[in-house]
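# Summary of the model geometry
Below, each chain spelled out in residue letters.
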Amino acid sequence: MQMATESEVEVTISLAELGLDEEELQKQVENLLPQLKEVDGVEDANLVTVENAPPNTKSISGFVWGLLKAQIKAAKIPTLFKFLSDRFGNKPIKIGVKAPDGRELTVEASSREEFEFALQKAQDFLNNK
């Protein structure tokens, strides 16, 4: 059995709450994606395809506006939240966390304090089965 710290977690990052027009939103996502792949612990990161899109999301050429998905080692969640806080510390974003057992949590943050609180909620969520 794997320890929880070794397991991978699926994280969805939504920038749709930034209130940008679709072109600006797509630029933000395309700029963020390569940086996200460099975050320590991120195994993989991609745009979200329409097939995997949540209901009521807008899409372009097969991808959902403003939505990224990453696979990250559970132990590295704090690194990811710090990365997001550094970039979006004063802007609203939504972060979805899907535990290896299928449970899901969605948190929103629009300030550094909220990112810290969201991280705490995510860690508590992942540590409690």
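Quick caveat: nothing in here was measured; it's all calculated off a predicted structure.

## Comments concerning helix α3 (residues 112–127)
Along its 16 residues, α3 runs 22 Å from first to last C-alpha, staying within 8% of the 22 Å computed at 1.5 Å per residue. For α3, the complete set of buried residues consists of F115, A118, L119, A122, F125 and L126. Along the axis of α3, the buried positions cluster into a sector of 125°, meaning they face one direction only. Looking at α3, the residues exposed on the side facing more than 90 degrees away from the buried face are E113, E116, F117 and N127. Looking at the buried positions of α3, the neighbouring elements they touch are β1 (8–14), α2 (77–88), β5 (93–98) and β6 (104–109).

## Looking at the pairing of β5
Note that β1 and β5 share 5 bridges and pair antiparallel. By the bridge assignment for β5, V11 is matched with V97. Two strands pair when backbone bridges link them, and β5 and β6 are joined in this way by 6 bridges, in the antiparallel orientation. Within β6, the residue paired with G96 across the bridge is T106. As consecutive antiparallel partners, β5 and β6 are separated by 5 residues, and within that stretch G102 has a phi angle of approximately 95°, a positive value.

## A few points about the environment of L18
As for its position among the elements, L18 is in the loop between β1 and α1 (22–38). In this structure the C-alpha to C-alpha distance between L18 and I93, which are 75 residues apart in sequence, comes to 6.8 Å. Every residue in contact with L18, bar those within four places of it in the chain, is listed here: F88, K91, P92 and I93.

## With respect to the nonpolar core
Soluble globular proteins tend to bury their nonpolar side chains together. One finds L15, F81, L84, I93 and I95 to be the most contacted residues of the largest nonpolar core, which totals 37 residues. When contributions to this core are tallied by element, the ones reaching two or more residues are β1, α1, β2 (42–49), β4 (63–73), α2, β5, β6 and α3.

## Structural notes on a negative patch on the surface
Residues E108, E113, E114 and E116 make up a contiguous surface patch of negative charge. Here the element with the most residues in the negative patch is α3; it accounts for 3 residues. Along the chain, E116 falls in helix α3.

## Thoughts on the confidence of the model for the chain
Within the chain, residue pLDDT values average 87, and 85% of them lie at 70 or more. Of all secondary-structure elements in the chain, the lowest mean pLDDT belongs to strand β3 (residues 59–60), at 58, while β6 reaches the highest, 96. For the stretch residues 1–5, pLDDT sits under 50, and the model shows 4 contacts to residues farther than four places along the chain or on other chains.

## What about the pattern of salt bridges?
Overall, the coordinates contain 8 salt bridges when judged by the stated rule. Across the salt bridge formed by D86 and K82, the nearest N and O atoms sit 3.0 Å from each other. You can see D86 and its partner K82 sitting in helix α2, 4 residues apart, about one turn around the helix. Note that R103 is salt-bridged to D101, the shortest N-O span being 2.9 Å. For R103, a relative accessible area of 24% gives the class partly exposed. Judged by its relative accessible area of 44%, D101 falls in the partly exposed class. By sharing partners, the salt bridges in this structure join K82, D86 and R112 into a single network.

Definitions and limits used
- Residues numbered from 1 in each chain as written.
- Predicted model: local features only at pLDDT ≥ 70, side-chain atom pairs only at ≥ 80, totals over all residues.
- Heavy atoms only, no water.
- Helix = DSSP H or I, 4+ residues; strand = E, 2+ residues; numbered from the N terminus.
- Expected span 1.5 Å × (residues − 1).
- Buried < 20%, exposed > 50% of the residue type's maximum accessible area, 1.4 Å probe, protein only.
- Arc of directions from axis to C-beta.
- Contact = heavy atoms within 4.5 Å.
- Pairing = 2+ DSSP bridges.
- Core = buried A, V, L, I, M, F, W, Y, C linked by side-chain atoms within 4.5 Å.
- Patch = residues over 30% accessible without salt bridge, like charges linked within 9 Å, V, L, I, M, F, W, Y side chains within 5 Å.
- Areas by Shrake-Rupley, 256 points an atom, 1.4 Å probe, with all protein chains shown as cover.
- Salt bridge = Lys/Arg side-chain N within 4 Å of Asp/Glu carboxyl O.
- Lys, Arg positive; Asp, Glu negative; His and termini not counted.
- Charge placed at Lys NZ, Arg CZ, Asp CG, Glu CD.
- pLDDT = per-residue confidence, 0-100.

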